[in-house]
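Remarks on the overall topology
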Amino acid sequence: GVDATKATAPRRTNWNIRDVSLPPVPPLCPPLDSKSVVCIADASPSVVATRISECLRKRSVGVEYDDEAASAYALTSDNVRFTINLYRGGKAGSLLSNSPPIYSEQKGLRPQSKVEHDTNSLSKIKPDFSHVVIVECKRIRGDIITFHRCRVAIL
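It should be emphasised that the depicted structure is a prediction, and the values quoted were computed from it without experimental measurement. (Residues numbered from 1 in each chain as written. Predicted model: local features only at pLDDT ≥ 70, side-chain atom pairs only at ≥ 80, totals over all residues. Heavy atoms only, no water.)

Here we come to the pairing of strand β4 (residues 81–88). In terms of burial, β4 is a largely internal element, 6 of the 8 residues being buried. Pairing analysis gives 5 bridges linking strand β3 (residues 71–75) to β4, with the strands arranged antiparallel. Counterpart to Tyr 73 in the pairing with β4 is Thr 83. Linking β3 to β4, which pair antiparallel, is a turn of 5 residues; within it Asn 79 sits at a positive phi near 60°. (Buried < 20%, exposed > 50% of the residue type's maximum accessible area, 1.4 Å probe, protein only. Helix = DSSP H or I, 4+ residues; strand = E, 2+ residues; numbered from the N terminus. Pairing = 2+ DSSP bridges.)

Here it is, written out as structure tokens:
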């Protein structure tokens, strides 16, 4: 038979992100480019990190992980260097220049909204993206085509 503890045990990964300690986008960070960012709404930060780590392992990409900063520094066999950063979504929206799609296996998922009552206006709706994991993948140097293939596989 199958051992129940082995069937439910989480898969080991090289990137160990704690779900509660995912940093938000830094306040002085320039707007994130929608071509290098995706927002994931249906998985925890640790699951996203495990998926990315597994993708990089399968592609034989050398990676140095910084668990505290939720960053990964990657180097391909073609000497393409790039970084992957994970951020927690914010309550007032996001810092994205062009909003990327929010991926979820549940169709029709939209950001949760909070309604604030104001004496001067009827109501203001502020989107809540705090449940979203923002994944940013940026090239540092190297061949653009190789980076594009890696980025598409990761994002």
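Now that the structure is up, let's keep going.
A word on unusual backbone geometry. One non-glycine residue, Ser 60, lies in positive phi territory at about 60°. Within the element layout of this structure, Ser 60 appears in the loop between α2 (45–58) and β2 (62–66). A positive phi angle is found at Ala 70, which is not glycine, with a value near 55°.

For an α-helix, 3.6 residues make a turn, and residues three or four places apart therefore share a direction. For α2, which comprises 14 residues, the first-to-last C-alpha distance of 20 Å matches the rise-based estimate of 20 Å (1.5 Å per residue) to within 8%. Every buried residue of α2 is listed here: Pro 45, Val 48, Ala 49, Thr 50, Ile 52, Ser 53, Glu 54, Cys 55 and Leu 56. Looking at the buried residues of α2, the elements they touch are β1 (37–40), β2, β4, β8 (133–141) and α3 (144–154). Just downstream of α2 lies Ser 60, where phi reads positive at about 60°. (Expected span 1.5 Å × (residues − 1). Contact = heavy atoms within 4.5 Å.)

With that settled, consider the state of the cysteines. For the structure shown, the criterion picks out 0 disulfides. Free cysteine: Cys 55, not disulfide-bonded; nearest cysteine sulfur from Cys 150 at 7.8 Å. We note that Cys 150 lacks a disulfide partner, and the nearest cysteine sulfur, in Cys 137, lies 7.7 Å from it. (Disulfide = S-S within 2.5 Å.)

Turning next to the environment of Glu 64. Tracing the sequence through the fold places Glu 64 in strand β2. On a C-alpha basis, the gap between Glu 64 and Thr 83 in space is 9.6 Å, while along the polypeptide they are 19 residues apart. Residues within four places of Glu 64 in sequence aside, it is in contact with Ser 71, Ala 72 and Tyr 73.

The subject of this paragraph is the side chain of Ser 71. Along the polypeptide, Ser 71 turns up in strand β3. Taking the relative accessible area as the measure of exposure, Ser 71 reaches 6% and is therefore buried. There is a polar contact of 3.4 Å between the side chain of Ser 71 and the backbone oxygen of Ala 69. Setting aside anything within four residues of it in sequence, one finds Ser 71 in contact with Trp 15, Glu 64, Tyr 65, Asp 66, Ile 84 and Asn 85. (Polar contact = N/O pair within 3.5 Å; in protein donor to acceptor, adjacent residues only side chain to side chain.)

To continue, consider the pattern of salt bridges. Counted under the stated rule, the structure contains 1 salt bridge. Ionic pairing is found between Arg 57 and Glu 54, a salt bridge with its closest N-O pair at 2.4 Å. Taken together, the residues span about one helical turn, with Arg 57 and Glu 54 both in helix α2 at a distance of 3 residues. Judged by its relative accessible area of 17%, Glu 54 is buried. (Salt bridge = Lys/Arg side-chain N within 4 Å of Asp/Glu carboxyl O.)

A word on the pairing of β1. Residues Val 37 and Cys 39 of β1 are buried on one face, and the alternating residues Val 38 and Ile 40, pointing to the opposite face, are buried as well. Note that β1 and β8 share 4 bridges and pair antiparallel. The partner of Val 38 across the bridge, within β8, is Val 135.

Structural measurements only, silent on function.
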